[in-house]
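Summary of the model geometry
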Amino acid sequence: MGLKRNVSLGTGLKYQGGGPMLVFVLHRIGGLGMAIFVTIHLLASFMSARGIEGGAFLNSIYENWAFQVFIFFCALFHAINGLRITILDLWPRLIPYQREAIWIEWAVFLPIYAIAVFIIVRAGLGG
Amino acid sequence: MANKSKNLSIVGRGLTNFESIMWIFTRLSALAMYAFILFAIIGALVMGARTNMNMADVLRWGFMPNVTHVQSTALEDTGPFASPFWKLVASGLLLIAVGHGVHGLVVIADDYITSERGRGIVRIFSIIMILSMIFIGLYILWTS
């Protein structure tokens, strides 16, 4: 028996969940991004190891600076947000403070990510 | 009392079915991955990363301690990075990461695929994906 929902995609996209909803969506995007990357990277490395053409080309995409800016966002955001989720879930008394925890999360994430992007882009553009 | 359920302890929530066991597995495997990555980074520093690798190389090694991830560095000898010990560490990280990741995909799919038949198909695909990724990953780790 399937679930019945009366919420359209358009209504869902207009849902104003605020900060917690934003990190929920970004956590999913980060997880999906990493899952797709790791799957293709494993297949590409397997192809290279077996001497099948195309593996080296796929792995060269991952050395591009634009891709690194994206995948580092996925990995860093997923890791920091995941740590917040884990801490709050294992110590449920902290859950009422989840909005404050999300602000701390952004305060940790943004400077680290900004510095990393600056270095990745500078190196990528030949500086 | 909306707040009451939020304040239940882990034991009080009950771990009686597959979904709740996977709920706690997802949290604990995340903690295990932080430990693995920290351990690999410390290991790299002990093996000479401090003077022969940049931060990006150290992180690349940390995310998956496979010797091919340090081959483009200034290390004179990558032998210690290719030891069976690090292959074991990498295998442990691979198993935990694949379990965590594929279950995450199933959770996302369950939010959009609501029929029992659809969810069953997703579960079969997830089992195939787990087994094939573990096989390919272990093959790469132990042959590189």
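Quantities reported herein were computed from a predicted structural model and do not represent experimental measurements. (Residues numbered from 1 in each chain as written. Chains lettered and ligands numbered in written order. Predicted model: local features only at pLDDT ≥ 70, side-chain atom pairs only at ≥ 80, totals over all residues. Heavy atoms only, no water.)

1. Examining the packing of aromatic side chains
Residues and elements named next belong to chain A.
- According to the stated counting rule, one finds 18 aromatic pairs over all chains in the structure shown.
- Aromatic pair Phe77 and Phe109: ring centres 5.4 Å apart, planes at 85°, arrangement edge-to-face. Within this pair, whereas Phe77 is found in helix H4 (residues 65-90), its partner Phe109 is found in helix H5 (residues 98-124), the two being separated by 32 residues in sequence.
- The class of Phe77 is buried, set by a relative accessible area of 1%. (Phe/Tyr/Trp six-rings, centres within 6.5 Å; stacked < 30°, edge-to-face > 60°. Helix = DSSP H or I, 4+ residues; strand = E, 2+ residues; numbered from the N terminus. Buried < 20%, exposed > 50% of the residue type's maximum accessible area, 1.4 Å probe, protein only.)

2. Some details on H4 of chain A
- Over its 26 residues, H4 of chain A extends 37 Å from the first C-alpha to the last, a length consistent with the 38 Å expected when each residue adds 1.5 Å.
- The opening residue of H4 of chain A, the one whose side-chain oxygen lies 2.8 Å from the backbone nitrogen of Ala66 of chain A, is Asn64 of chain A. (Expected span 1.5 Å × (residues − 1). Polar contact = N/O pair within 3.5 Å; in protein donor to acceptor, adjacent residues only side chain to side chain.)

3. Describing the side chain of His78 of chain A
- With respect to the helices and strands, His78 of chain A occurs in helix H4.
- We classify His78 of chain A as buried; its relative accessible area is 17%.
- A polar contact of 3.3 Å, which involves the side chain of His78 of chain A, links it to the backbone nitrogen of Gly31 of chain A.
- Here His78 of chain A is in contact with His27, Gly30, Gly31, Met34 and Phe73 of chain A together with His100 of chain B, once residues within four sequence places are set aside. (Contact = heavy atoms within 4.5 Å.)

4. So, the pattern of salt bridges
- A complete count under the given rule lists six salt bridges over all chains for this structure.
- Taking the shortest distance from any N to any O, the salt bridge between Asp111 of chain B and Arg28 of chain A comes out at 2.6 Å. Taken together, the residues Asp111 of chain B in helix H4 (residues 84-112) and Arg28 of chain A in helix H2 (residues 18-49) connect one chain to another.
- Judged by its relative accessible area of 14%, Arg28 of chain A falls in the buried class.
- Salt-bridge contacts for Glu105 of chain A lead to Arg84 of chain A; the nearest nitrogen and oxygen are separated by 2.7 Å. Here Glu105 of chain A is found in helix H5, whereas its partner Arg84 of chain A is found in helix H4, with 21 residues between them in sequence.
- Taking relative accessible area as the criterion, Glu105 of chain A reaches 4% and is therefore assigned buried.
- Here Arg84 of chain A falls in the buried class, since its relative accessible area comes to 12%. (Salt bridge = Lys/Arg side-chain N within 4 Å of Asp/Glu carboxyl O.)

5. Remarks on the side chain of Ser20 of chain B
All names here are of chain B.
- Mapped onto the secondary structure, Ser20 falls in helix H2 (residues 18-52).
- Exposure remark for Ser20: the relative accessible area of 17% places this residue in the buried category.
- In contact with Ser20, not counting residues within four places along its chain, are Gly14 and Leu15.

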